[in-house]
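The chain contents come next:
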Amino acid sequence: MLRTRWLPLAAVLSIPLFLASCRTEESAVAPTSTYDGYGTARGAAYERDEGYPPGSGIVPGSDGVLVTLDAPPEAYAGEPIEFAVRVVNQTQMTARKIQIQADIAPELQITEAPEGQWDESSRTLEWRLDSLAPGGEVVLCFRAVANAPGQLENCVDLRHTFGVCTATEVVAPSLECAVSAPAEAVLGEPICVVLEARNTGTGTAIGVVGSLDWSANLEGCTCEGQPLEGVSAGGAPSIQFGDIPAGEIVQRQVEIIARGAGPFHVALHLQAQPNLVTDCSAEGNVLAPQLAVEKRGPEASYVGQDIEYQIRVTNTGSGPAYDVCLTEVLPQGCEMCPGPDGAAPSANWAIGDLQPGESRDVTFVLRPFQEGVLENCVVATARGDLRAEACVSTEVFAVPAMHIENLDTPDPVPVGETTTYRITVTNQGDKPTTDVAVQVQLPKGSEFVGGQCELAQCSFEAESTSAIFQPVGDLPAGQSIVFNVTVRFLEPGDMVCSAILTFAEFSKPVRAEEGTTVFGREGGGQ
């Protein structure tokens, strides 16, 4: 405890009679007197009862915290007297729990002490300060009135402590997360999912890591272009977010493939130090495009005739079908013709994208070149392994068609000379003909000289008025058989040779006639 007594000597302190202001403040100021390293105050000579060197109302402490009591050296009885208690911390440490107590002379009556607690019974005025910073100063003021003349003694005691303090900021990071996914996805297409981790607290969330879970109709793919960790091992895919400072957001982008139609969900579980966990999820629906293809064409046609087919492809599903393509599988025995607009024939059509319920039509033409059943199919495909197929069968018939030609050489012919009738039978149809037979009726007034069958092995029988060739087994389409018959004319005149063709595919005989002019030796026309 430090104590001093106040003496009414003018040389002790040099302060105004009345203080300019009475206030409490804290600031770094220079001391009011000169001190040595031990806090000794140097001033007018006065021996204090504690044995300190002479001072001027200054209470030094070896720890460097000083207190002074300022008062006028002389005052009038009955008039207010201004007192100021000054506390100065000259150390480099904060002084704490400071208690200042002033013992007031019995002759003084306290009239005002705004910062202090007055105790009438002990006649003490007390102030308490929580702390005083290094270099800080506090001025505590009070007023009193002296009831009678005389020397008044007022003393001030100072108590305080020094302590070592440390500041610890207590933080509380907090995790929140969000999963953003489209409300609708298309089967077989990637779904872009955005994962967001937010630190809404104070302090850094350390080592934030997320684990993903999704519905069975989804399949993990990549995160930020890299394969997802943990997918190949069959575990929950792991997403690294790192350390997240307070108030910051970290996002990761994941691609997931829709493998099945219907509702889907993606869930994210986040955890970090210290003991932070949170969960979030998003839901949507996988739409499934579906291809349906129809093909129409005639049930029957003929060799060499153009056959028109119509194709319609429709998206009957709930989602868009991308990159739709039609491919015609051409059967044998036909060729594709140019389109109605003259476009080059093609067996592939790029349809493009089809929205749900949308259709596209394609028309093409085939030309068969052989008889039989023409079964042709079209295949519709789209992105996501979509496929549909439609087939139609057309029975193609071949039409038999035979042509017979009868020519004589030479013509005209003199009586007694010969001419040869060349009979050519051609299969102009689209299928082989069978049992091809020719009967030649000789001209009147002629006699049979000889017969021959070219390009085929055949025999004949000659009669007085005709030559009959035995039937040929079959004659392929586009091929011909030549029958030659030579006769000698016995009389002049206009002669006619008839060739009669029969074959199994035709119900009536076909006749070809050739006229020959026969004249007498004398050159006459008889």
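For the structure itself, consult the block above.
Residues numbered from 1 in each chain as written. Predicted model: local features only at pLDDT ≥ 70, side-chain atom pairs only at ≥ 80, totals over all residues. Heavy atoms only, no water.

> Would you mind going over the overall build of the chain in detail, with residue names and values included?
Within the chain, the regular secondary structure consists of zero helices and 41 strands. Within the chain, the fraction of its 526 residues that count as buried is 43%. A separation threshold of at least 6 residues defines the contact pool for the chain, and within that pool the share at least 24 residues apart is 73%. Accessible surface, the chain: about 27000 Å² in total, of which carbon and sulfur atoms supply 48%. (Helix = DSSP H or I, 4+ residues; strand = E, 2+ residues; numbered from the N terminus. Buried < 20%, exposed > 50% of the residue type's maximum accessible area, 1.4 Å probe, protein only. Contact = heavy atoms within 4.5 Å. Areas by Shrake-Rupley, 256 points an atom, 1.4 Å probe, with all protein chains shown as cover.)

> Could you give me a rundown of the environment of Ala-133, with the residues and numbers involved?
Within the element layout of this structure, Ala-133 appears in the loop between strand 9 (124-132) and strand 10 (137-146). With a relative accessible area of 28%, Ala-133 lands in the partly exposed category.

> I'd like a rundown of the environment of Pro-356, residues and numbers included.
Looking at where Pro-356 falls in the secondary structure, it is placed in the loop between strand 27 (348-354) and strand 28 (359-368). For Pro-356, a relative accessible area of 40% puts it in the partly exposed group. Along the primary structure Pro-356 and Pro-320 are separated by 36 residues, whereas in three dimensions their C-alpha atoms are 5.6 Å apart. The residues touching Pro-356, leaving out its near neighbours within four places in the chain, are Asn-315, Gly-317, Ser-318, Gly-319 and Pro-320.

> Go over the state of the cysteines, please, and point to the residues and values.
Applying the stated criterion across every chain yields a total of two disulfides. Paired by a disulfide, Cys-177 and Cys-280 hold their sulfur atoms 2.2 Å apart. On the sign convention where negative means left-handed, the S-S torsion of about -135° between Cys-177 and Cys-280 marks this disulfide as left-handed. One end of the pair, Cys-177, is in strand 12 (residues 175-180); the other, Cys-280, is in strand 21 (residues 276-287), with 103 residues separating them in the sequence. For the residue pair Cys-177 and Cys-280, the accessibility class agrees, reading buried in each case. Across a sulfur-sulfur distance of 1.9 Å, Cys-377 and Cys-391 are joined as a disulfide pair. On the sign convention where negative means left-handed, the S-S torsion of about 110° between Cys-377 and Cys-391 marks this disulfide as right-handed. Of this pair, Cys-377 sits in strand 29 (residues 372-382) while Cys-391 is found in strand 30 (residues 386-397), placing the two residues 14 residues apart along the sequence. A residue is classified by how much of its surface remains accessible, and Cys-377, at 14% relative accessible area, is buried. (Disulfide = S-S within 2.5 Å.)

> With reference to specific residues and values, describe the sheet that holds strand 30.
Read from one edge of the open sheet, five strands run 23-30-29-25-27, paired in mixed fashion. Across the chains shown, the open sheet's two edge strands, defined by having one partner strand only, are strand 23 (300-302) and strand 27. For this sheet the average axis-to-axis angle between neighbouring strands, irrespective of direction, equals 30°. When strand 25 (residues 321-329) meets strand 29, the two strands line up antiparallel, connected through five bridges. Its bridge partner being in strand 29, Leu-326 is matched across the sheet by Ala-380. (Pairing = 2+ DSSP bridges. Axes fitted to C-alpha atoms, helices over the stretch in contact; angles between N-to-C directions.)

> Run through the nonpolar core, naming residues and quoting values.
If you look at the biggest cluster of nonpolar residues, it comprises 30 residues, and the most contacted ones within it are Leu-195, Val-208, Leu-218, Phe-241, Val-266 and Leu-268. Listed by contribution, the elements that provide at least two residues to this core are strand 12, strand 14 (190-199), strand 15 (205-214), strand 16 (218-223), strand 18 (238-244), strand 19 (249-258), strand 20 (262-273) and strand 21. Non-local contacts of Leu-218, meaning those with residues more than four positions away in its chain, are made with Ile-191, Ile-256, Ile-257, Ala-258, Phe-264, His-265, Val-266 and Val-286. (Core = buried A, V, L, I, M, F, W, Y, C linked by side-chain atoms within 4.5 Å.)

> I'd like to hear about the sheet that holds strand 26 (residues 334-336), residue by residue, with values.
If you walk across this open sheet you meet the four strands as 22-24-28-26, and the pairing is antiparallel. The open sheet is flanked by strand 22 (291-296) and strand 26, the only strands paired with a single partner. Strand-to-strand twist of the sheet, defined as the mean angle between neighbouring strand axes without regard to direction, takes the value 30°. Here strand 26 runs beside strand 28; their pairing, made up of three bridges, is antiparallel. Among the inter-strand pairings, Met-336 is bridged to a residue of strand 28, identified as Leu-366.

> Can you lay out the packing of aromatic side chains for me, pointing to particular residues and giving the numbers?
In total, this model carries nine aromatic pairs according to the counting rule given. An angle of 25° between the planes, with centres 5.5 Å apart, marks the rings of Tyr-309 and Phe-364 as stacked. Placement of the pair is Tyr-309 in strand 24 (residues 307-315) and Phe-364 in strand 28, with a sequence separation of 55 residues. A relative accessible area of 0% means that Tyr-309 is categorised as buried. For the pair Phe-460 and Phe-469, a centre-to-centre distance of 5.4 Å together with 50° between the ring planes defines the contact as tilted. With a relative accessible area of 31%, Phe-460 lands in the partly exposed category. Residue Phe-469 is classed as buried on the basis of its relative accessible area of 1%. Aromatic rings pair up to connect Phe-448, Phe-460, Phe-469 and Phe-483 into one cluster. Just above the ring of Tyr-309 sits the side chain of Lys-295; from NZ or CZ to the centre is 5.4 Å. (Phe/Tyr/Trp six-rings, centres within 6.5 Å; stacked < 30°, edge-to-face > 60°. Lys NZ or Arg CZ within 6 Å of the ring centre and 35° of its normal.)

> Would you mind going over the pattern of salt bridges in detail, with residue names and values included?
A complete count under the given rule lists 18 salt bridges for this structure. Taking the shortest distance from any N to any O, the salt bridge between Glu-126 and Arg-128 comes out at 2.9 Å. In this structure Arg-128 comes out as exposed when scored by relative accessible area, which is 60%. Put simply, Glu-189 and Arg-383 hold a salt bridge, and the shortest N to O gap is 2.8 Å. Taken together, the residues Glu-189 in the loop between strand 13 (184-186) and strand 14 and Arg-383 in the loop between strand 29 and strand 30 connect sequence positions 194 residues apart. A relative accessible area of 12% places Glu-189 in the buried class. One salt-bridge network, held together by shared partners, links Asp-70, Arg-86 and Glu-137. (Salt bridge = Lys/Arg side-chain N within 4 Å of Asp/Glu carboxyl O.)

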